[in-house]
Amino acid sequence: SAFSRVEDDNFYIFSLKNNRYFTSKWNLSLGIWNFTFYTIPMLSVLHGDHHVNSRARLVELLQTATKNGLQTTRFESNQMTPALFESEFGSQSMFGNQNIFVIENVFAGPKSKKKDALIELINTYSDSQAIIVWESKKLTAANLKKLPKA
């Protein structure tokens, strides 16, 4: 659905269309609701020659997501198959869970049909799931063009 709600005592997470979220929390001392609005990009690619900086940015994004009540799921691309990908991402979409997926080193290693299939699935599911692709190296322009939604 376009709108969902997750409740935890006096804290609520609302999901709107296009990965826009807002949280509300009851402020006991003031007796009011505090609202925070934020948007999570559908597809983000973190890469570059500064490995430490890109990893720090990934950690920062995941901490923000966790702070706002979203779950994170991480995968190393060499352990991921197209079938596992569709199983994980399809079940998340079907049940409306609010999740951010991190897939590491999609472009590492030699060109293969498996890698091409994973890239195609990332493009497909990034319409409905927040996905972060993290690479330990700088990607070429040709590789970045394979993820046009980023």
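Residues numbered from 1 in each chain as written. Predicted model: local features only at pLDDT ≥ 70, side-chain atom pairs only at ≥ 80, totals over all residues. Heavy atoms only, no water.

### Here's the deal with helix 1 (residues 51-67)
Inference 1: Relative to the 24 Å expected for 17 residues at 1.5 Å per residue, helix 1 spans 24 Å between its end C-alpha atoms, a close match to the ideal helical length.
Inference 2: Here the buried face of helix 1 lies against strand 5 (43-46), strand 6 (71-76), strand 7 (99-104) and strand 8 (130-134).
Inference 3: Following helix 1 by one or two positions, Gly69 adopts a phi angle in the positive range, close to 85 degrees. (Helix = DSSP H or I, 4+ residues; strand = E, 2+ residues; numbered from the N terminus. Expected span 1.5 Å × (residues − 1). Contact = heavy atoms within 4.5 Å.)

### Section: the pairing of strand 5
Inference 1: Burial along strand 5 is two-sided: the face carrying Leu43 and Val45 and the face carrying Ser44 and Leu46 are both buried.
Inference 2: Here strand 5 runs beside strand 8; their pairing, made up of four bridges, is parallel. Of the residues in strand 8, the one forming a bridge with Leu43 is Ile131. (Buried < 20%, exposed > 50% of the residue type's maximum accessible area, 1.4 Å probe, protein only. Pairing = 2+ DSSP bridges.)

### Considering unusual backbone geometry
Inference 1: Within the chain, Asn105 stands out as a residue other than glycine whose phi angle is a positive 60 degrees.
Inference 2: Take Asn105: it is sitting in the loop between strand 7 and helix 3 (113-125).

### Considering the side chain of Asn105
Inference 1: The exposure class assigned to Asn105 is buried, which follows from its relative accessible area of 14%.
Inference 2: Within the structure, Asn105 has its side chain in polar contact with the side chain of Glu76 (distance 3.1 Å).
Inference 3: Residue contacts for Asn105: discarding those within four places in its chain leaves Glu76, Ser77, Trp134, Glu135 and Ser136. (Polar contact = N/O pair within 3.5 Å; in protein donor to acceptor, adjacent residues only side chain to side chain.)

### Regarding the confidence of the model for the protein chain
Inference 1: When the pLDDT values of the protein chain are averaged, the result is 76; 70% of them are 70 or greater.
Inference 2: Segment residues 1-17: pLDDT under 50, and 43 contacts once partners within four positions in sequence are set aside and those in other chains are kept. (pLDDT = per-residue confidence, 0-100.)

### Observations regarding helix 3
Inference 1: Taking 1.5 Å as the rise per residue, helix 3 with 13 residues should run 18 Å; its terminal C-alpha atoms sit 18 Å apart, in good agreement.
Inference 2: Within helix 3 the residues assigned to the buried category are Lys115, Leu118, Ile119, Leu121, Ile122, Asn123 and Tyr125.

### As for the nonpolar core
Inference 1: Within the largest apolar cluster, 19 residues are counted, with the highest numbers of intra-cluster contacts made by Phe85, Phe89, Ile103, Ile122, Ile131, Val133 and Leu147.
Inference 2: Looking at this core, the elements that each hand over two or more residues are strand 5, helix 2 (82-95), strand 7, helix 3 and strand 8.
Inference 3: Ranked by residues supplied to this core, first place goes to helix 3 with five residues.
Inference 4: Discounting residues that sit within four places of it in the chain, Ile103 has contacts with Phe75, Ser77, Phe85, Phe89, Ile122, Ile131, Ile132, Val133 and Trp134.
Inference 5: Judged by nonpolar contacts, the second largest core, of ten residues, contains Leu46, Leu58, Leu70 and Ala130. (Core = buried A, V, L, I, M, F, W, Y, C linked by side-chain atoms within 4.5 Å.)

### Looking at the side chain of Ser77
Inference 1: Counting through the fold element by element, Ser77 comes out in the loop between strand 6 and helix 2.
Inference 2: At 2.5 Å, the side chain of Ser77 and the backbone oxygen of Asn105 are in polar contact.
Inference 3: Residue contacts for Ser77: discarding those within four places in its chain leaves Ile103, Glu104, Asn105, Val106, Lys114 and Leu118.

### Observations concerning the sheet that holds strand 5
Inference 1: Overall, parallel pairing links the four strands, which are arranged 5-8-7-6 in an open sheet. Where the open sheet ends on each side, the last strands, each with one partner, are strand 5 and strand 6. For this sheet the average axis-to-axis angle between neighbouring strands, irrespective of direction, equals 20 degrees.
Inference 2: Bridge count between strand 7 and strand 8: five bridges; the pairing is parallel. Residue pairing across strands places Phe101 opposite Ile131, the latter belonging to strand 8.
Inference 3: Contacts from helix 1 reach strand 5, strand 6, strand 7 and strand 8, with the element oriented near 160 degrees to strand 8.
Inference 4: Here helix 3 sits on the sheet and contacts strand 5, strand 7 and strand 8; the angle it forms with strand 8, its principal contact strand, is near 145 degrees. (Axes fitted to C-alpha atoms, helices over the stretch in contact; angles between N-to-C directions.)

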